Amino acid sequence: MSLLSVRGLTKDFGGNRAVDGVSFDLRPGELLALIGPNGAGKSTTFNMVGGQLPASAGSVKLNGAELLGLPSRRIAQLGVGRTFQIAATFSSLTVRENVQMALLAHHRKVFSFWRSAARQYAAEADALLGQVGMREQAARPCSELAYGDVKRVELAMSLAAAPTLLLMDEPTAGMAPAERNALVGLVKQLVTERNLAVLFTEHSMDVVFAYADRVIVLARGSLIAQGSVDEVRRDAKVQEVYFGT
Ligand code: ADP
Ligand code: MG
């Protein structure tokens, strides 16, 4: 059973075809890596699936329902969460308050008197922070956190919307290798525990090969390979794109 079904997804920027007839499926509980060189069309693909960018052609179905043409807010309500490359936390608020804000937004509570409104979500916020290993730091302002920990808070904020599918475009950008492994390892754990599906991009092949359930490979807008880590690693076209052999 496919959760997300992408068919013939295409994006033209003027005369430049950035994404060219891409098709793939994503199952519940699957960690799917989208890899490819810079400019391959990875972010453009994320933006079309998340509704931040209109597609030129194709279809993106979530549980059989078409997402293309829907506003990003509606796509989020249907269970598609996303994290962005730029940190989206409020640095003057504490870790817990950031997650409370995300819970308020998800439950569409009014934002005046938000501190009192947020109180009812304190326990839920702490539970989410526990899942990302940030419970102990709940009372600290986000401005004091290390970069990798901000990413964990962002992840908890994404989980506040109870997504069935999470889109993560370069979640480990700017991280040292140990931090990368820790974050993607955590995502892998959440995928298993919550039967969450995740589509992510990642530059480190070591991290991709260690954690991804399946890999799809884009080059110049086209999908050139997909399969298990072992299949993709051995693929001649992938080796040519990555290693020029
Ligand atoms: P990746 O994320 O794989 O590095 P992108 O999806 O960002 O690649 O970009 C794919 C191609 O589309 C690139 O050639 C890029 O220059 C082009 N592109 C991306 N966004 C825009 C835009 N808003 N306008 C015009 N061209 C764009
Ligand atoms: Mg990109």
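Residues numbered from 1 in each chain as written. Chains lettered and ligands numbered in written order. Predicted model: local features only at pLDDT ≥ 70, side-chain atom pairs only at ≥ 80, totals over all residues.

**Here's the deal with the sheet that holds strand S3 (residues 31-35)**
Point 1. Strand order in the open sheet made by the six strands is S6-S7-S8-S3-S9-S10, with mixed pairing throughout. Every other strand in the sheet has two partners, leaving strand S6 (80-83) and strand S10 (222-227) as the edge strands with one partner each. Strand-to-strand twist across the sheet, computed as the mean angle between neighbouring axes with direction ignored, equals 20°.
Point 2. Bridge count for S6 against strand S7 (residues 165-168) is four bridges, and the pairing is parallel. When the bridges of S7 are listed, Thr-83 appears paired with Met-168. (Pairing = 2+ DSSP bridges. Helix = DSSP H or I, 4+ residues; strand = E, 2+ residues; numbered from the N terminus. Axes fitted to C-alpha atoms, helices over the stretch in contact; angles between N-to-C directions.)

**Let's talk about unusual backbone geometry**
Point 1. One non-glycine residue, Ala-162, lies in positive phi territory at about 50°.
Point 2. The topology assignment puts Ala-162 in the loop between helix H6 (147-159) and S7.
Point 3. Taking the number of C-beta atoms within 10 Å as the measure of exposure, Ala-162 has 12 and is therefore exposed. (Buried ≥ 20, exposed ≤ 12 C-beta atoms within 10 Å, placed from the backbone.)

**So, the site of ligand 1**
Point 1. Residues in contact with ligand 1, as listed here, are Phe-13, Asn-16, Ala-18, Gly-36, Asn-38, Gly-39, Ala-40, Gly-41, Lys-42, Ser-43 and Thr-44.
Point 2. Looking at the shell around ligand 1, the elements with two or more residues in it are strand S2 (16-26) and helix H1 (42-50).
Point 3. Counting residues per element, the shell around ligand 1 draws most heavily on H1, at three residues.
Point 4. The class makeup of the residues in the shell around ligand 1 is three nonpolar, seven polar and one charged. (Near = placed C-beta within 6 Å. Nonpolar A, V, L, I, M, F, W, Y, C, P; charged D, E, K, R; others polar.)

**Considerations on the domain arrangement of the protein chain**
Point 1. Each domain of the protein chain was delimited in the assignment, giving domain 1 (1-79 + 163-245) and domain 2 (88-160).
Point 2. One C-alpha centre belongs to domain 1, the other to domain 2; they are set 26 Å apart.
Point 3. At the interface, ten residues of domain 1 touch seven residues of domain 2.
Point 4. Its residues assigned to classes, the side of domain 1 that touches domain 2 shows eight nonpolar, one polar and one charged. (Domains from an automatic or database assignment. Contact = placed C-beta atoms within 7 Å.)

**Thoughts on the environment of Leu-196**
Point 1. With respect to the helices and strands, Leu-196 occurs in the loop between helix H7 (177-194) and strand S8 (197-200).
Point 2. Remark: the alpha-carbon pair of Leu-196 and Ala-162, spanning 34 residues in sequence, is separated by 9.4 Å.
Point 3. Among residues more than four places away in sequence, those in contact with Leu-196 are Pro-163, Thr-164, Leu-166, Leu-190 and Val-191.

**Description of the packing of helix H3 (residues 95-106) against helix H5 (residues 122-131)**
Point 1. Where H3 meets H5, the closest approach of the two axes is 9 Å, and the angle between their N-to-C directions is 110°. Taken together, H3 and H5 sit at an angle that is classed as roughly perpendicular. H5 is crossed by H3, and the crossing has right-handed handedness. Two secondary-structure elements touch here, H3 through Val-95, Arg-96, Val-99, Gln-100 and Leu-103 and H5 through Ala-122, Glu-124, Ala-125, Asp-126, Leu-128 and Leu-129.
Point 2. Split by residue class, the contact of H3 with H5 holds seven nonpolar, one polar and three charged. (Parallel < 35°, antiparallel > 145°, perpendicular 65-115°, else oblique. Left-handed = near helix turned anticlockwise from the far one by under 90°.)

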